[in-house]
Amino acid sequence: MDLTRTERRLLWVGTALAGALHLLVPGLLLSLARLGYRWVLSVEFTPQDGAHRRVRLLGVGNLVVAAVLRRLLD
């Protein structure tokens with residue numbers, strides 16, 4: 001799969017932005033998930049204890065993946 005330079009950059013930048021969002025606003029993301037579950041799946045979503053920490057851990061993982069993508073693709 002050949003990606004243009006712009007596509008490669010968008011890939012790692014998008015991943016980094018997703019990671020930053022997970023780190024900075026985990027409560028907002030959990031609230032959006034609650035709304036999405038309610039509207040799309042018609043079920044109640046209640047975050048459990050430690051949900052904010054797990055969302056932040058996903059952010060750290062995204063940032064690591066973004067760094068690897070940047071290294072591999074640039």
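These numbers come from a predicted model, not from an experiment. (Residues numbered from 1 in each chain as written. Predicted model: local features only at pLDDT ≥ 70, side-chain atom pairs only at ≥ 80, totals over all residues. Heavy atoms only, no water.)

Undergrad: Help me understand the UniProt feature "transmembrane region" (unreviewed entry) in the protein, please; the structure alone is not making it clear to me.
TA: Under the UniProt annotation, the feature "transmembrane region" (unreviewed entry) is placed at residues 12-35. Between the end C-alpha atoms of residues 12-35 the distance is 28 Å, and the span holds 96% helix and 0% strand. (UniProt positions renumbered as here; feature names shortened; annotations may be inferred. Helix = DSSP H or I, 4+ residues; strand = E, 2+ residues; numbered from the N terminus.)

Undergrad: What is the right way to look at the pattern of salt bridges in this model?
TA: It is possible for side chains bearing opposite charge to pair when their charged atoms get close. The tally for this structure, following the rule as stated, stands at 2 salt bridges. Between E44 and R38 there is a salt bridge whose closest N-O contact spans 3.2 Å. We classify E44 as exposed; its relative accessible area is 58%. (Salt bridge = Lys/Arg side-chain N within 4 Å of Asp/Glu carboxyl O. Buried < 20%, exposed > 50% of the residue type's maximum accessible area, 1.4 Å probe, protein only.)

Undergrad: It is not clear to me how a nonpolar patch on the surface should be interpreted in this structure. Could you clarify?
TA: A cluster of nonpolar side chains, namely L28, L32, L35, Y37, W39, V40, L41 and V43, defines an oily patch on the protein surface of about 820 Å² accessible area. Along the chain, the position of L35 falls in helix α2 (residues 26-41). (Patch = residues over 30% accessible without salt bridge, like charges linked within 9 Å, V, L, I, M, F, W, Y side chains within 5 Å. Areas by Shrake-Rupley, 256 points an atom, 1.4 Å probe, with all protein chains shown as cover.)

Undergrad: Would you mind showing me how to read the packing of helix α1 (residues 5-24) against helix α3 (residues 51-73) here?
TA: A pair of packed helices is characterised by two quantities: the angle between their axes and the separation of those axes. One way to put it is that α1 packs onto α3 with a least axis distance of 7 Å and a crossing angle of 160°. Taken as axis vectors, α1 and α3 run roughly antiparallel relative to one another. For α1 against α3, the interelement crossing comes out left-handed. Where α1 abuts α3, its residues R8, L11, W12, T15, A16, A18, G19, A20, H22 and L23 lie against V55, R56, L58, G59, V60, N62, L63, V65, A66, L69, R70 and L73. Among the residues making up the contact of α1 with α3, the classes are represented as 14 nonpolar, 5 polar and 3 charged. (Axes fitted to C-alpha atoms, helices over the stretch in contact; angles between N-to-C directions. Parallel < 35°, antiparallel > 145°, perpendicular 65-115°, else oblique. Left-handed = near helix turned anticlockwise from the far one by under 90°. Contact = heavy atoms within 4.5 Å. Nonpolar A, V, L, I, M, F, W, Y, C, P; charged D, E, K, R; others polar.)

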